[in-house]
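Summary of the model geometry
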Amino acid sequence: MSAGIIWSAGPASPGNSAGSDFPESRSFPAGPAGVAGPRSPAVSTGLAAPDHPWAEPGSRPAVVFRRCVTNVTAGIFSWDMNTNEVVREQGTYELYGLPEDGPATMETLLSRVPEEDQADVIAAMRQMMSSCGTYEIKYRVLALDGSLRPMEARGRVLPGPDGRPARMTGFVMDTTSLWASSEADPLRLHEGAERTALTQKFSAALASAVTVDAITAAARAGLAAYGANGLIIVTEHEGLQAPLTFYGFDAAAARLLGDPAPSPGSPVAHAIAGETPVFVCSATDLAHRYPHLAAMAAGSAHQAWAAVPVPDTRGRLGACLMGFARPREFGTGERGMLVAASGLLAQSLQRARMYESEHALARDLQRGLLPRGPLQAPGMTIAARYQPVTSGLEIGGDFYDAIELTGGRVALVIGDVQGHNPIAASMMGRLRMVVHAYAREGHGPAEVMTRANQWLVELNTDPDLALFASCCFVVIDPAAGELEMCRAGHPAPVLVSPGAAPVLLDQGDDLLLGVERAERYSTVKLSMPSGATLLLATDGLLDADGADSDGHLRTLLGVLADGAGEDLETLADRLLASPRRTQHGDDIALMIARAGRAGRAARPAGCEPYSSSSRDR
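About the thresholds
- Every chain's residues receive numbers from 1 upward, in the order its sequence appears when written.
- Note on the predicted model: pLDDT of at least 70 is required for a residue's local features to be given, and 80 or more for side-chain atom pairs to be given and counted; whole-chain, interface and lining totals, by contrast, use all residues.
- Note that the side-chain values use all heavy atoms of the structure and ignore hydrogens as well as water.
- Secondary structure elements follow DSSP: runs of H or I no shorter than four residues count as helices, runs of E no shorter than two count as strands, and numbering proceeds from the N terminus.
- Accessible area is worked out with a 1.4 Å probe on protein chains only. A residue is then buried under 20% of its type maximum, exposed over 50%, and partly exposed in between.
- Residues are treated as being in contact if the distance between any of their heavy atoms lies within 4.5 Å.
- In these tables, accessible area is a Shrake-Rupley quantity obtained with a 1.4 Å probe, and a residue counts as shielded only by the protein chains included in the view.
- To form a nonpolar core, buried Ala, Val, Leu, Ile, Met, Phe, Trp, Tyr and Cys residues must be joined to one another through side-chain atoms within 4.5 Å.
- Values of pLDDT, the confidence the predictor places in each residue, fall between 0 and 100.
- Pairing between strands is defined by DSSP: at least two bridges between them are needed.
- For this analysis, a salt bridge means a side-chain nitrogen from Lys or Arg found within 4 Å of a carboxyl oxygen belonging to Asp or Glu.
- Expected helix span is taken as 1.5 Å per residue step, with the number of steps being one fewer than the number of residues.
- Along the arc lie the directions from the helix axis toward the C-beta atoms.
- Any residue with relative accessible area above 30% and no salt bridge may belong to a patch, with like charges joined within 9 Å and the nonpolar Val, Leu, Ile, Met, Phe, Trp and Tyr side chains within 5 Å.
- Two N or O atoms form a polar contact when they lie within 3.5 Å of each other; inside protein one atom must be a possible hydrogen donor and the other a possible acceptor, and for residues adjacent in sequence the pair counts only when both atoms belong to side chains.
- Any two of the Phe, Tyr and Trp rings considered here, Trp counted by its six-membered ring, make a pair once their centres fall within 6.5 Å; the pair's planes then place it as stacked at under 30 degrees, edge-to-face at over 60, or tilted in between.
- Both a distance and an angle decide whether a charge sits over a ring: NZ of Lys or CZ of Arg must be within 6 Å of the ring centre and within 35 degrees of the ring normal.
- His is not counted here, nor are the chain ends, while Lys and Arg score as positive and Asp and Glu score as negative.
- In what follows, a disulfide is any cysteine sulfur pair within 2.5 Å.

1. Regarding the overall build of the protein
Each helix and strand counted, the protein has 17 helices and 22 strands in total. For the protein, buried positions account for 48% of its 617 residues. In the protein, of all internal contacts separated by at least 6 residues, the share reaching a separation of at least 24 is 65%. Of the accessible surface of the protein, which amounts to about 29000 Å², a share of 53% is contributed by carbon and sulfur atoms.

Listed below in structure tokens is the structure:
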């Protein structure tokens, strides 16, 4: 509080007295005189008393004081301006840090006002003494411990028999608690805003995390803002409660502190059993409540702990245990924040575990629909990759296969069924088997695509449930150095002959499968010399969005050119590692096949090395 002064004065109403403002009071006699000097040096106020007597001695009745009932420390006083004597209620001097038997003068009281405030206080009192009326003054006094305490005095300046100001009466109170309360309100608002901001930031971090590892990383950053430097999360899995994840604790501490067994007990066990948070403020507190954990706490990086029970979606209780580096008292606001943070964390972990479970199911289903193990064929080396970008139960429709045919020939097929869901995945598996069966019957590429198209059209009787698919079917004859290709709306393969630039095989692009029953598909025959490398891929790898739609394809062709003699498994990994350019991303399936031993350079008939201009043609 500054030394600012607030005061007011005005004429007294006729017949009004101090008693009307202060119940149970009377007119005030002169105080005792001849008392010893003040405890602190006397202050020269320069407050000259009027040169006329206030009243004849002995003409005033006795004074009766009653202690005020108030929510602050207060006392009543009366100051005779003529004699400079102060009559005060018992305890008034305590407000000024003075002994009860000290001198009863205004100088004594003013000696407790800090030196830098005295000039303002004396100037205000001179104003108050210049006329009769009410006043209010706010100032500071020095407590015995050296601290400054805010004070407030209110009352009335009363006239003497001649009508001139003669006596100041009123009460003085210590307003420290009022100031603390008024200053605490903005502080509480600030703390509340901080808590809200922390919770919102923590919620945002958890919302973007979809795996247990990602949520643990978000929790590490988010809980640090709450002061926590360690976390153990205990959940039920397959009928048993055990720590799911933790950080900041070593394995032994996580096992002991996160033990959900009621005996010998732990903060987590009691939080779950009692269904209420458990706060341990220090290592001493932990050792007192859990003696078997005392040794662990002695060398721990944590000196305070909070265990909060959290339910899962089926109502089973787990718990979050947070560790803090230093002992701390957990206030009401902080406890509420930690409980809220634990609830957010538990919900996010349930979502992450469900996501991971669904993703694992989708991954296993996808793998079950694709060929198992490495693809092998006589006279060929084949590498294949499948890289999903979908999440949860979203399952892509990309597929590939290698089929051994008669005469040492090999059929390579790759396709993409519309959609990312179990229906698309199921259709992908069925279409792969249909193509495989027609190929094994000995049909050529165009006939296989025609029959597969008719099969899919017959399934698409409901327009709302119709599915379409792209497909590329290639038959390679390594001995003859030839390939036959049929494309049903699928991205063109890329052929890299030894010593030659990569070539985009963009001939014969026919209609997607499942659209038109009468569609007739065509076969393109090309040469494929020994040592040539053929890439078949879905649009997740080959297609491009944006203004520079050819830029990424040129990069891929460069990777293929550099890896013409490279191990195919390494080349497949390098192709997958190339930067993605699609705006939304898509699953990727790819096959790389190399025929026999490397031979002389050869260019497929009717094909030119890829360039953006030739592609546009």
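Having seen it, we continue.
2. Quick word on the nonpolar core
Grouped together as the largest cluster of nonpolar side chains are 30 residues, with contacts concentrated most on L223, L231, M322, F324, F330, L338 and L345. Sorting elements by how many residues they give to this core places helix 11 (residues 332–369) first, with seven residues. Excluding its chain neighbours within four sequence positions, the residues that come into contact with L223 are F202, A228, L231, Y247, M322, A341 and L345. Core analysis: the second largest hydrophobic core is formed by 29 residues, L412, M485, V524 and M528 among them.

3. So, the confidence of the model for the protein
When pLDDT is averaged across the protein, the result is 75; 71% of the residues are at 70 or more. Of all helices and strands in the protein, the one with the weakest mean pLDDT is helix 17 (residues 612–616) (34), whereas strand 16 (residues 482–488) scores best (95). Every residue in residues 1–42 is under pLDDT 50, and counting partners more than four places away or in other chains gives 88 contacts.

4. Side note on unusual backbone geometry
The step from S263 to P264 runs through a cis peptide bond, and the omega angle for that step is 5°. Among the secondary structure elements, P264 is positioned in the loop between helix 7 (251–257) and helix 8 (267–274). Here N84, not a glycine, exhibits a phi torsion of approximately 60°, which is positive. Among the structural elements, N84 can be located in the loop between strand 1 (73–80) and strand 2 (85–88). The phi torsion at E275 lies on the positive side, around 55°, for a residue other than glycine. By secondary structure assignment, the location of E275 is in the loop between helix 8 and strand 8 (278–280).

5. Regarding the sheet that holds strand 17 (residues 494–496)
Spatial strand order, 11-12-22-21-17-18: six strands in an open sheet with antiparallel pairing. With one partner strand each, in any of the chains shown, strand 11 (376–377) and strand 18 (503–504) form the two edges of the open sheet. Alignment of strand 17 against strand 18, held across two bridges, turns out to be antiparallel. Bridge assignment links L495 to a residue of strand 18, and that residue is V503.

6. Some remarks on the pattern of salt bridges
When the charged atoms of two side chains with opposite charge come close together, those side chains can pair. Applying the stated criterion across every chain yields a total of 18 salt bridges. For D573, the salt bridge is made with R385, and the minimal N-O distance between the two is 3.0 Å. Of this pair, D573 sits in helix 16 (residues 568–576) while R385 sits in strand 12 (residues 380–387), and the two are 188 residues apart along the sequence. By relative accessible area, which is 41% here, D573 ends up partly exposed. Among the ionic contacts, a cluster of salt bridges with common partners joins E136, K138, E152 and R154.

7. Focus: helix 6 (residues 212–224)
Between its terminal C-alpha atoms helix 6 stretches 18 Å, which fits the 18 Å expected from 13 residues at 1.5 Å a residue. When helix 6 is considered as a whole, its buried residues turn out to be V212, I215, T216, A218, A219, G222 and L223. Taken around the axis of helix 6, the buried residues stretch over an arc of 165°, which confines them to a single face. Opposite the buried face of helix 6, at more than 90 degrees from it, the exposed residues are D213 and A221.

8. Looking at a nonpolar patch on the surface
Among the surface-exposed residues, L511, L512 and V515 lie close enough to one another that they form a single nonpolar patch of about 200 Å² accessible area. Residue placement: V515 occurs in the loop between strand 19 (509–510) and strand 20 (524–527).

9. Some remarks on the pairing of strand 22 (residues 588–595)
Along a regular strand, successive side chains alternate from one face of the sheet to the other. Among the eight residues that make up strand 22, eight are buried, leaving the element largely enclosed by the rest of the structure. Inspection of the sheet shows strand 12 paired to strand 22 by eight bridges, in the antiparallel sense. Of the residues in strand 22, the one forming a bridge with A383 is I592.

10. Examining helix 16
Every buried residue of helix 16 is listed here: L568, L571, A572, L575 and L576. One face of helix 16 carries all of its buried residues, which in axial projection span an arc of 140°. For helix 16, the N-terminal capping position is held by D567, with its side-chain oxygen 3.1 Å away from the main-chain nitrogen of E569.

11. Thoughts on the pairing of strand 21 (residues 533–537)
Most of strand 21 sits out of view: five of its five residues are buried. Side chains T533, L535 and A537 of strand 21 all project onto a buried face; the interleaved residues L534 and L536 project onto the opposite face, where all are buried too. The pairing of strand 21 with strand 22 spans five bridges and is antiparallel. Residue pairing across strands places A537 opposite L590, the latter belonging to strand 22.

12. A look at the environment of G514
By the secondary structure assignment, G514 is in the loop between strand 19 and strand 20. Residues G514 and N460 lie 54 residues apart in sequence; the distance between their C-alpha atoms is 7.1 Å. Sequence-distant contacts of G514, that is, excluding residues within four places in its chain, are made with N453, L456, V457, N460 and F468.

13. Topic: the packing of aromatic side chains
Under the criterion given, the structure shown has two aromatic pairs. Aromatic pair F279 and F330: ring centres 5.1 Å apart, planes at 40°, arrangement tilted. Within this pair, whereas F279 is found in strand 8, its partner F330 is found in the loop between strand 10 (317–324) and helix 11, the two being separated by 51 residues in sequence. Both residues of the pair, F279 and F330, belong to the buried class. Ring plane angle 70° and centroid distance 5.4 Å describe the contact between F324 and F330, whose orientation is recorded as edge-to-face. We classify F324 as buried; its relative accessible area is 0%. When its relative accessible area of 5% is taken as the criterion, F330 is described as buried. Within the aromatic cluster, the residues linked to one another by ring pairs are F279, F324 and F330. In this structure, R451 is placed above the aromatic ring of Y438, and the distance from its NZ or CZ to the ring centre is 5.8 Å.

14. Concerning the side chain of D510
Mapped onto the secondary structure, D510 falls in strand 19. Of the buried charged residues, D510 lacks a salt bridge, with R487 as the closest side chain of opposite charge at 8.4 Å. Within the local environment of D510, its side chain forms a polar contact with the backbone nitrogen of S522, the two atoms lying 3.0 Å apart. Ignoring anything within four residues of it in the chain, the contact list for D510 reads C486, R487, A488, G489, E519, Y521 and S522.

15. Section: the state of the cysteines
What the rule picks out here adds up to zero disulfides. Left unpaired, C486 is separated from the closest cysteine sulfur, that of C472, by 8.0 Å.

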